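# Descriptive structure summary
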Amino acid sequence: MPDVRPRRSVLYMPGANTRALEKARTLPADALIFDLEDAVAPDAKEAARANVVAAAKSKSYGKREIAIRCNGLTTQWGKADVAAIASSGADAILVPKVESAGDVAAIVALLEQAGAPKSMAIWAMMETPMGVLRAEEIAAAHKRLKLFVMGTNDLVKDMRARHTPMRLPLITALGIGMLAARAHGLTILDGVYNDLQDTEGFRAVCQQGLEMGFDGKTLIHPGQIEPCNEIFAPSSSELETAGKIVTAFKAAQAEGKGVVTVDGRMIENLHVEQAERALALAAAIKELQAA
């Protein structure tokens, strides 16, 4: 069975807001990002760091994956953030504005210097033109690197582009990030959606992300969780077809047949792999929800 972990909905939580961190324990997001960067004012950075480390250490978020976004290493808070995150018990550190394999190596060195467990993953924000152009180099940089987060707001700003319903200005960057991630076995998350009132637009962008191959989406409000979870989960009809494909393929193998058809459609190994992944993801989602 494929190794899958649900990351349909990944919600940013401001590190300076202890009530928000408390509320996050009950939210149905697959994963949470405790944020020390964009969501925190300069005079609240150190208090926020203490908040998120305490929250991660509490282990009171069930089976939800916990990542902490540090400030950039060039800021006055970055290195202290990394050292604190290393011993926080979080599952991952999310690093902003990663632009090279050297940036990844610098984070790895700081984590290991601070005694981070081998299980702590690095997630990289892909949010600058240089970062996207070096996506393949970054994806191959180190075994700790497990996931890309596309930072679409910063990309639009740096490209001097516009946010549009179909996101055509971003398609090239999203596609390059996707190809680099898949080439090196990484998970990849789509960027945030800014208009909290536009529920139809949000659903459309989630569907676009699913069709492009994203594993899930980063979110900025709890109200976005449910539709995101629905769209990025295998549908009941997909699971029904997947079950048929796996059953038919196993039966054909047992009978020594080389050709398999399901509902009049020729089935190849790639279809079986897709079906097995959909079934494994559905089982993992069910397990997460039961926690």
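See the structure printed just above.
This section reports on the structure supplied with the text. Remember, it's a predicted structure, so these values are computed and weren't measured experimentally. (Residues numbered from 1 in each chain as written. Predicted model: local features only at pLDDT ≥ 70, side-chain atom pairs only at ≥ 80, totals over all residues. Heavy atoms only, no water.)

## What about the overall build of the chain?
Quick reminder of the rule: Secondary structure elements are defined from DSSP: runs of H or I of at least 4 residues count as helices, runs of E of at least 2 residues count as strands, and each element is numbered from the N terminus. We compute the radius of gyration from the C-alpha atoms alone; for a globule the expected value is 2.2 Å times N to the 0.38, where N is the number of residues. Only protein chains enter the accessibility calculation, which uses a 1.4 Å probe. A residue is then buried if its area is under 20% of the maximum for its type, exposed if over 50%, and partly exposed in between. Contacts are residue-level and defined by heavy atoms, with any inter-residue pair within 4.5 Å sufficient. Areas reported as accessible are Shrake-Rupley estimates using a 1.4 Å probe. Residue values count occlusion only from the protein chains shown. Charge assignment in this entry is limited to Lys and Arg as positive and Asp and Glu as negative, and neither His nor the chain termini are counted. Positions of charges follow a simple convention, taking NZ of Lys, CZ of Arg, CG of Asp or CD of Glu.
Helix and strand counts for the chain stand at 12 helices and 10 strands. Relative to its length of 291 residues, the chain is compact, with a C-alpha radius of gyration of 20 Å against a globular reference of 19 Å. With respect to the principal axes defined by its C-alpha atoms, the chain has extents near 65 × 40 × 40 Å. Among the 291 residues that make up the chain, the fraction classed as buried is 49%. Within the chain, counting contacts between residues at least 6 apart in sequence, those at least 24 apart form 71% of the total. Approximately 14200 Å² of the chain is accessible, and the part contributed by carbon and sulfur atoms is 53%. For the chain, the centre of its 33 positive side-chain charges and the centre of its 35 negative side-chain charges are spaced 4 Å apart.

## What to know about the packing of aromatic side chains
Definition in use: Two rings belonging to Phe, Tyr or Trp (six-membered ring only in the last case) form a pair when the distance between their centres is within 6.5 Å. Interplanar angles under 30 degrees mark stacking, angles over 60 mark edge-to-face geometry, and anything in between is tilted. A ring is scored as having a charge over it whenever the NZ atom of a lysine or the CZ atom of an arginine sits within 6 Å of its centre and within 35 degrees of its normal.
A full pass over the atoms with the stated rule returns 2 aromatic pairs. Against the face of W77 rests K45, its NZ or CZ located 5.1 Å from the ring centre.

## Digging into the sheet that holds strand 5 (residues 121–126)
Put simply, the test is: Only strands joined by at least two bridges in the DSSP assignment are considered to pair. Here the axes come from fitting lines to C-alpha atoms, over the contacting stretch only for helices, and the angles between their N-to-C directions go from 0 to 180 degrees.
Within the closed barrel, the 8 strands sit side by side as 1-2-3-4-5-6-7-8. Their pairing is parallel. Going across the sheet, the axis of each strand differs from the next one's by a mean of 25°, ignoring polarity. Bridge count for strand 2 (residues 31–35) against strand 3 (residues 65–69) is 5 bridges, and the pairing is parallel. For A31, the partnering residue across the bridge sits in strand 3 and is E65.

## Quick word on a nonpolar patch on the surface
Which entries qualify depends on this criterion: Nonpolar side chains (Val, Leu, Ile, Met, Phe, Trp, Tyr) within 5 Å and like charges within 9 Å form the patches, drawn only from residues with over 30% relative accessible area and no salt bridge. A pair is scored as a salt bridge if a Lys or Arg side-chain nitrogen falls within 4 Å of a carboxyl oxygen belonging to Asp or Glu.
Judged by side-chain polarity, M166, L168 and I171 come together as a nonpolar surface patch covering roughly 300 Å² of accessible area. Inspection of the secondary structure assignment puts M166 in the loop between helix 7 (152–159) and helix 8 (171–183).

## Concerning the pairing of strand 4 (residues 92–95)
Keep this limit in mind: Note on handedness: a crossover is taken as right-handed if, strands pointing away from the viewer, the path from the first strand over the helix to the second is clockwise.
Covered by surrounding structure in strand 4 are A92 and L94 together with I93 and V95, the residues of both alternating faces. Pairing of strand 3 with strand 4 involves 3 bridges; the strand directions are parallel. Paired with R69 across the two strands is L94, which belongs to strand 4. Between the parallel pair strand 3 and strand 4, the chain is carried across by helix 3 (residues 78–86), and the sense of this crossover is right-handed. Direction of pairing for strand 4 relative to strand 5: parallel, over a ladder of 4 bridges. In the sheet register, I93 faces strand 5, and the bridge partner there is I122. With respect to chirality, the unit in which strand 4 leads through helix 4 (residues 101–113) into the neighbouring parallel strand 5 is right-handed.

## What to know about the nonpolar core
Stated formally: Buried Ala, Val, Leu, Ile, Met, Phe, Trp, Tyr and Cys residues that are joined via side-chain atoms within 4.5 Å together make up what is termed a nonpolar core.
Counting 67 residues, the largest nonpolar core has L32, F34, I93, L111, I122 and F148 as its most contacted members. The residues contacting F34, other than those within four sequence positions of it, are M13, L21, V52, A55, A56, Y61, I66, A67, I68 and R69. With 14 residues, the next largest nonpolar core counts Y12, I33, A121 and M125 among its residues.

## A look at the side chain of R49
Positionally, R49 belongs in helix 2 (residues 45–58). The exposure class of R49 is buried, given its relative accessible area of 15%. Sequence-distant contacts of R49, defined by excluding residues within four places in its chain, comprise L36, W77, A80, D81 and A84.

## A closer look at the pairing of strand 6 (residues 145–150)
Burial analysis of strand 6 places 5 of its 6 residues in the buried class, which makes it a mostly covered element. Where strand 5 lies against strand 6, 5 bridges are found, and the strand directions are parallel. Within strand 6, the residue paired with M125 across the bridge is V149.

## Some thoughts on the environment of P227
Summarising the element assignment, P227 is placed in helix 10 (residues 225–232). A relative accessible area of 17% means that P227 is categorised as buried. Each C-alpha atom of the pair P227 and F202 lies 8.5 Å from the other, and the pair is 25 residues apart in sequence. In this view, P227 contacts F202 and R203; residues no more than four positions away in its chain are not counted.

## Focus on the packing of helix 3 against helix 4
Convention followed: Here roughly perpendicular refers to angles of 65 to 115 degrees, roughly parallel to angles under 35, roughly antiparallel to angles over 145, and oblique to all remaining angles. Throughout, a crossing is termed right-handed when the near helix is turned clockwise from the far one, and left-handed when it is turned anticlockwise from it by less than a right angle. Nonpolar residues are Ala, Val, Leu, Ile, Met, Phe, Trp, Tyr, Cys and Pro. Charged residues are Asp, Glu, Lys and Arg, and all others, Gly as well, are polar.
Their axes nearest at 8 Å, the elements helix 3 and helix 4 cross at an angle of 55°. Comparing their axes, helix 4 and helix 3 come out oblique. In the crossing of helix 3 with helix 4, the sense of the turn from one axis to the other is right-handed. Residues K79, V82 and A86 of helix 3 form the contact with helix 4, whose participating residues are I107, L110 and L111. Per-class residue counts for the contact of helix 3 with helix 4 are 5 nonpolar, no polar and 1 charged.

Any link to function would need more than the numbers given here.
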